[in-house]
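What follows is the residue order along each chain.
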Amino acid sequence: MIEHPVRVHPSADRLPREEQLAWKLAAVATGTEDLDTDSAAMAVNRVIDNASVAVASLLRLPVAVARAQATAHRAAAPGASVFGSRAKVSPEWAAWANGTAVRELDFHDTYLAADYSHPGDNIPPLLAVAQHTGRSGADLLRGVIAAYELHVALVKGICLHEHRIDHVAHLSAATSGGLGAMLRLPTETVYQAIQQAVHTTTATRQSRKGEISSWKAYAPAFAGKAAIEAVDRAMRGETSPSPIYEGEDGFLAWMLNGPESEYTVVLPESGEARRAILDTYTKEHSAEYQAQAIIDLARRLREKAGPLRNVRSIVLHTSHHTHHVIGSGANDPQKYDPSASRETLDHSVPYIFAVALEDGIWHHERSYAPERARRPETVELWRKITTVEDPEWTSRYHDPDPDRRAFGGRAVITLDDGSVIEDELAVADAHPAGARPFDRSGYVGKFRTLAEGVVTESAQDAFLDTAARLAQLSADDLDGLFPAVDTEAVAAYDTRLPKGLF
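A brief report on the enclosed structure follows. (Residues numbered from 1 in each chain as written. Predicted model: local features only at pLDDT ≥ 70, side-chain atom pairs only at ≥ 80, totals over all residues. Heavy atoms only, no water.)

### Re the overall build of the protein
When helices and strands are counted, the protein shows 20 helices and 10 strands. Computed over its C-alpha atoms, the radius of gyration of the protein comes to 22 Å, within 12% of the 23 Å expected for a compact globule of 502 residues. Seen through its C-alpha atoms, the protein measures out along the principal axes to roughly 70 × 55 × 45 Å. The burial tally for the protein puts 62% of its 502 residues in the buried class. For the protein, the share of sequence-separated contacts (at least 6 apart) that also reach a separation of at least 24 residues comes to 75%. (Helix = DSSP H or I, 4+ residues; strand = E, 2+ residues; numbered from the N terminus. Rg over C-alpha atoms; globule rule 2.2 N^0.38 Å. Buried < 20%, exposed > 50% of the residue type's maximum accessible area, 1.4 Å probe, protein only. Contact = heavy atoms within 4.5 Å.)

### Quick notes on the pattern of salt bridges
Side chains bearing opposite charge may pair, as long as their charged atoms lie close to each other. Scanning the model with the defined rule gives 33 salt bridges in all. Among the ionic pairs, Glu188 bridges to Arg17, the shortest N-O distance being 2.1 Å. Remark: Arg17 occurs in the loop between strand E1 (2-7) and helix H1 (21-30) and Glu188 occurs in helix H8 (residues 187-200); sequence separation between them is 171 residues. Accessibility expressed as a relative area gives 27% for Glu188, which makes it partly exposed. Exposure remark for Arg17: the relative accessible area of 34% places this residue in the partly exposed category. Between Asp232 and Arg236 there is a salt bridge; the shortest N-O distance is 2.9 Å. Residue Asp232 is classed as partly exposed on the basis of its relative accessible area, which comes to 34%. One salt-bridge network, in which partners are shared between bridges, spans Arg103, Asp106, Lys216, Lys283, Arg342 and Asp346. (Salt bridge = Lys/Arg side-chain N within 4 Å of Asp/Glu carboxyl O.)

### Re helix H18 (residues 440-451)
With 12 residues, H18 ought to run about 16 Å at 1.5 Å a step, and its terminal C-alpha atoms sit 16 Å apart, in line with that. By the burial criterion, the buried members of H18 are Gly442, Tyr443, Lys446, Phe447, Leu450 and Ala451. The buried residues of H18 occupy one face: seen down the axis, they fall within an arc of 155°. Away from its buried face, by an angle of more than 90 degrees, H18 presents the exposed residues Ser441 and Thr449. (Expected span 1.5 Å × (residues − 1). Arc of directions from axis to C-beta.)

### Considerations on the pairing of strand E9 (residues 409-415)
The two faces of the sheet receive side chains in turn, since in a regular strand these alternate between them. Counting buried positions along E9 gives six out of seven residues, so the element sits mostly inside the fold. As defined by bridge partners, strand E7 (residues 311-318) adjoins E9 across seven bridges and the pair is classed as antiparallel. Pairing of Val315 across the sheet is with Val412, part of E9. Relative to strand E10 (residues 420-425), E9 is paired through six bridges, and the arrangement is antiparallel. For Arg410, the partnering residue across the bridge sits in E10 and is Glu424. (Pairing = 2+ DSSP bridges.)

### What to know about the packing of aromatic side chains
Enumeration according to the criterion identifies 18 aromatic pairs in this entry. Ring geometry for Trp215 versus Phe222: centroids 6.0 Å apart, planes at 55°, classification tilted. A relative accessible area of 34% means that Trp215 is categorised as partly exposed. Judged by centre distance (5.3 Å) and plane angle (85°), the ring pair of Trp362 and Tyr368 falls under edge-to-face. Here Trp362 and Tyr368 have matching classes, each one buried. Taken together, the aromatic side chains of Tyr111, Tyr281, Tyr289, Tyr397 and Phe407 make up a single cluster linked through ring pairs. Above the face of the Phe107 ring, Lys446 is positioned so that its terminal group lies 4.3 Å from the ring centre. (Phe/Tyr/Trp six-rings, centres within 6.5 Å; stacked < 30°, edge-to-face > 60°. Lys NZ or Arg CZ within 6 Å of the ring centre and 35° of its normal.)

### Here we look at the side chain of Glu149
Mapping Glu149 onto the fold places it in helix H6 (residues 137-157). Here Glu149 is buried and forms no salt bridge, its nearest opposite-charge partner Arg274 lying at an N-O distance of 5.6 Å. Within the local environment of Glu149, its side chain forms a polar contact with the backbone nitrogen of Ala276, the two atoms lying 3.1 Å apart. When sequence neighbours within four positions are dropped, the list of residues in contact with Glu149 reads Met1, Val28, Pro268, Arg274, Arg275 and Ala276. (Lys, Arg positive; Asp, Glu negative; His and termini not counted. Polar contact = N/O pair within 3.5 Å; in protein donor to acceptor, adjacent residues only side chain to side chain.)

### Looking at empty space enclosed by the protein
Under the defined criterion, the tally for this structure stands at three cavities of 30 Å³ or more. Here the largest cavity defines a volume of roughly 100 Å³. Taken together, 15 residues form the lining of the largest cavity, with Tyr116, His118, His167, Glu288 and His347 sitting closest to its centre. Sorting the residues of the lining of the largest cavity by element identifies strand E5 (116-117) and helix H12 (320-326) as the ones contributing at least two each. In the lining of the largest cavity, the residues fall into four nonpolar, seven polar and four charged. Considering only enclosed or pocket space, the second largest cavity measures out at about 70 Å³ in volume. What lines the second largest cavity is simply Val47, Asn50, Ala51, Phe83, Asn98, Val102, Ile123, Pro124, Leu127, Leu481 and Phe482. Among the elements of the structure, helix H2 (37-56), helix H4 (91-103) and helix H5 (123-133) are those that each provide at least two residues to the lining of the second largest cavity. Its residues placed into classes, the lining of the second largest cavity shows nine nonpolar, two polar and no charged. (1 Å grid on protein atoms, 1.4 Å probe; cavity = no way out; pocket = protein on both sides within 12 Å on 5 of 7 lines; lining within 4 Å. Points joined across faces, edges and corners; volume = space filled by probe spheres on them. Nonpolar A, V, L, I, M, F, W, Y, C, P; charged D, E, K, R; others polar.)

What follows is the structure in structure tokens.
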């Protein structure tokens, strides 16, 4: 691996493009050739994972709206598929609809370091373009592995959230690189596309603050759509704001640490295996990733705690991120509001811990149902739960040693009689270092659970067989990566939607 320093340069420096971060990212993407066997196998897992959460979200309003917008943009053959529809649409609109479906339940993969990410968000735009351009399964794998490589490197090296910049700015760069790898574009073209994508997808984190709206699901889909459009323009010879990262009016200088900005981004050398996807992890529960271990901890504490009416208070000792983003340290009253949106509740660790402690399970729909959130005894328990930042947990969150890195916390339950019950959990059970790490059987089980009642058993089998053979698929086979669903039921739901412009 090579450490690349990234800092602001005055325009008078005329920083050579080969020394710019966007070029170095593009070079890694276009240099992705031989597929690492383990990385390819994990990419198949994530294709399965994305389909799992997409089919489970088809009758949710944001997904239906995105699908309606997409299917208004039908494409001449070949086009790209949309989950829940038989239509073939323009690839950027397929990326929009499918990206929203994948993201809606907050239930797919994650990577946490200096910043946050859901690198599985790269897959919908890559799959859409692969279908539209007639690429093979091996081409798609090359693109996915490259996109993950860039995404993880950026998330490790450059923190966006401390400046309240949404994490999709890293996603769009990674997707542009992944598209370049898949299409075997020249480094120059990918360099221009990355810069355009970053320039057009820098947004604030208000989408994840206060009363969180459905835009949280749309944001990565927007980044994927923007990346496709950036690649299209770059392929036609268009250039970009440059250097997008290092320029004196660029990303670092005005969005991040200012003119004195300096970061280090670590990227693989030429010929080095692309294995960053193996550092990422998926979710067993439909909630913000820092809540995964907290849910498992609540399930473990359920019997120890006894009757919950006897609880005086619960304090979760955890990392800076968990406390300030999904905990009481966010100072968002909405995180304690029984009428809050689902998007807000899945970013409220006090709510999540209360429900998991009461129910002993977590369900992607029932645990967020309005009647569940408004249950009087739940509200009473919920409002007894607070979080505090513990320096040890913050340190472990950022620990460079993957065997020590942790995203969990310690729960201290004080009962009315003054007795105290404590327990802690460093990582979720499904984490690679957890009690039950997800392997292929875990991904298959998650798919079958979420597809039940939506995808017939025979259609489930057909999808899983296709996904398992991804490296051998021809362009004509990629349609099989969209599980067959009851499109009549989906269409019936869609007809009830208000009309828009398209």
